Amino acid sequence: MSIVSLFCEIDDFFLMYEAHISKHGFLPSEAVSDPRGRPRQLHPSEVMTILIAFHQSKYRTFQHFYQKHVCVYYLAAFPRLVSYSRFVQLKKEVLRLLTVYLSTHTGTCSGISFVDSTRLRVCDNKRISSHKVFAQKVSERGKTSRGGFYGFKLHLILNDTGDILDVAVTPGNRDDRRPLWGLNPETPLHGSLYGDRGYISKDLREKLHKQGIDLIYKVRKNMDPLDVSAADEVLLKKRVLVESVIKELKTQTVLEHSRHRSFENFYVTVFSALIAYQFSENKPALNCDELQQSKD
């Protein structure tokens, strides 16, 4: 997607968001002015566009992308660019806009969904004791099949075409099932939800069943098998789709890094990376022929 097309998409959303908050009694000008009431030099739509464009580029650090690419090649598109240090301050102010955008631009549930989580390390294990940015117990030590880490967990629910349906970020020591326990009863999620052994829970399965969601997971060897159809058994093996999406996120975007300087900017990085992924045209997806055969 070109930078112009990306900006038009984001700016259309901002105009709708501005009209919505104005309708509910908030002043739209608050989003485009600084604390002193002066017009901002860089519009929130422009800030969001640059943040998302970074994850669509091949740059691995935002500072390098901003100074060596945006300030060189995007001057015509953004004639009122600010300094890098000022832009870092502006990033925090679009966090809510990024979260709202992602929540309103998720995929459509087809009745086949996959759930999984991945670690988001905020520092190397050797520097955990000296790490200060997330020291106030907003991040925790966690453990995955790849070993221990310090940071957060990203929980994803995807449909069969690789689109994000729901997302949650928790401290690294949270159980993978915790976000599903707090799933909104009015969520559009329905049909079958496939997970790994980390989601084993009879009580959780019964709770979700009342919401129209059939949680299906791999059972341990000492457990009785679930009473599922042949199609569910086939689709359970296709859970590798969500692992492919996670790999895509961590290799094609800068979802995870250890250079965060604030809690807000950590969230800005995560949500802008997820939005950039949603714009991707070649997402991992299930094979349509295999999907039809499993249904038959």
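Below or above, wherever it landed, is the structure these notes cover. (Residues numbered from 1 in each chain as written. Predicted model: local features only at pLDDT ≥ 70, side-chain atom pairs only at ≥ 80, totals over all residues. Heavy atoms only, no water.)

**With respect to the packing of helix α1 (residues 3-23) against helix α2 (residues 44-56)**
The relative placement of two packed helices comes down to the angle between their axes together with the axis-to-axis distance. Formally: Axis lines are fitted through C-alpha atoms, for helices just across the contact stretch, and the angle between N-to-C directions can take any value from 0 to 180 degrees. Each helix is a run of H or I in the DSSP string that is no shorter than four residues. Each strand is a run of E no shorter than two, and both are numbered from the N terminus. Each angle receives one of four descriptions, namely roughly parallel if under 35 degrees, roughly antiparallel if over 145, roughly perpendicular if within 65 to 115, and oblique otherwise. Rotating anticlockwise by less than a right angle from the far helix to the near helix defines a left-handed crossing, while the corresponding clockwise rotation defines a right-handed one. Throughout, a contact is declared for two residues whenever any of their heavy atoms are within 4.5 Å. In the scheme used here, Gly and all other residues not listed as nonpolar or charged are polar, with Ala, Val, Leu, Ile, Met, Phe, Trp, Tyr, Cys and Pro taken as nonpolar and Asp, Glu, Lys and Arg as charged.
Two elements in contact, α1 and α2, have axes separated by 9 Å at closest approach and are oriented at 135°. In terms of axis orientation, α1 runs oblique to α2. Helix-helix and strand crossings are classified by hand; for α1 and α2 the assignment is right-handed. Between α1 and α2, the contacting residues are Ile3, Leu6, Phe7, Ile10, Asp11, Phe13 and Phe14 on the first element and Pro44, Ser45, Glu46, Met48, Thr49, Ile52, Ala53 and Gln56 on the second. Class assignment for the residues of the contact of α1 with α2 results in 10 nonpolar, 3 polar and 2 charged.

**Examining the environment of Arg80**
Short version of the rule: Each residue is placed in one exposure class: buried if its accessible area under a 1.4 Å probe, protein chains only, is under 20% of its type's maximum, exposed if it is over 50%, and partly exposed if it falls in between. Polar contacts here mean pairs of N or O atoms no more than 3.5 Å apart (in protein, one a potential hydrogen donor and the other a potential acceptor; neighbouring residues in sequence count only if both atoms are side-chain atoms).
Tracing the backbone shows Arg80 in the loop between α3 (62-73) and α4 (84-93). On the basis of relative accessible area, Arg80 is assigned to the partly exposed category, the value being 43%. Expressed as a C-alpha distance, the spacing of Arg80 and Glu46, which sit 34 residues apart in the sequence, is 9.9 Å. Polar side-chain contacts of Arg80 include one of 3.3 Å to the backbone oxygen of Gln41.

**A short note on the environment of His257**
Summarising the element assignment, His257 is placed in the loop between α9 (240-252) and α10 (263-278). Given a relative accessible area of 15%, His257 falls into the buried group. Linking His257 and Arg60, residues 197 residues apart in sequence, is a C-alpha distance of 9.1 Å. When sequence neighbours within four positions are dropped, the list of residues in contact with His257 reads Arg121, Val122 and Thr269. Separated by 2.9 Å, the side chain of His257 and the backbone nitrogen of Arg259 make a polar contact.

**Examining the layout of surface pockets**
Stated precisely, the cut-off is as follows: Grid points spaced at 1 Å and placed over the protein atoms alone form the basis of the search, with a cavity being a set where a 1.4 Å probe fits but cannot get out and a pocket an open set showing protein on both sides within 12 Å along at least five of seven lines. Lining residues have an atom within 4 Å of a point. Grid points are joined across faces, edges and corners, and a volume is the space filled by probe spheres set on the points.
Here the largest pocket is characterised by a volume of approximately 590 Å³. As for the largest pocket, its lining consists of 18 residues, and the residues nearest its centre are Asp116, Ser117, Thr118, Ser145 and Arg146. For the lining of the largest pocket, the secondary structure elements donating two or more residues are β1 (112-121), β2 (140-144) and α9. Of the residues forming the lining of the largest pocket, the biggest block, 5 residues, is contributed by β1. What the second largest pocket holds in volume is close to 370 Å³. Taken together, 18 residues line the second largest pocket, and the ones lying closest to its centre are Phe62, Tyr84, Lys91, His257 and Arg259. Within the residue set of the lining of the second largest pocket, elements represented by two or more residues are α2, α3, α4 and α10. For the lining of the second largest pocket, the element with the highest residue contribution is α10, accounting for 4 residues. Its residues assigned to classes, the lining of the second largest pocket comprises 7 nonpolar, 8 polar and 3 charged.

**Quick word on α10**
The condition is simple: Here the expected length of a helix is defined as 1.5 Å per residue gap, with one fewer gap than residues.
Taking 1.5 Å as the rise per residue, α10 with 16 residues should run 22 Å; its terminal C-alpha atoms sit 23 Å apart, in good agreement. Within α10, 14 of the 16 residues are buried, which leaves the element mostly enclosed by the surrounding structure.

**Quick look at the nonpolar core**
Where we set the bar: Among the buried residues, those of types Ala, Val, Leu, Ile, Met, Phe, Trp, Tyr and Cys that are joined through side-chain atoms within 4.5 Å form a nonpolar core.
Within the largest apolar cluster, 69 residues are counted, with the highest numbers of intra-cluster contacts made by Ile50, Phe87 and Phe266. The leading source of residues in this core is α10, at 10 residues. Excluding residues within four positions of it along the chain, Phe266 makes contact with Leu120, Val122, Phe134, Phe152, Val169 and His260. Counting residues in each nonpolar core, the second largest holds 15 residues, with Ile157, Leu183, Ile200 and Leu215 among its members.

**Digging into the pattern of salt bridges**
Cut-off, in case you're wondering: Salt bridges, as used here, are contacts in which a Lys or Arg side-chain nitrogen is within 4 Å of a carboxyl oxygen on Asp or Glu.
Under the criterion given, the structure shown has 8 salt bridges. Across the pair Asp116 and Arg239 runs a salt bridge, and its minimum N-O distance is 3.1 Å. Taken together, the residues span a long stretch of sequence, with Asp116 in strand β1 and Arg239 in the loop between α8 (230-237) and α9 at a distance of 123 residues. With a closest N to O distance of 3.6 Å, Arg121 and Glu256 form a salt bridge. With Arg121 in strand β1 and Glu256 in the loop between α9 and α10, this pair connects stretches of sequence that are 135 residues apart. Through salt bridges with shared partners, one network takes in Asp116, Arg239 and Glu243.

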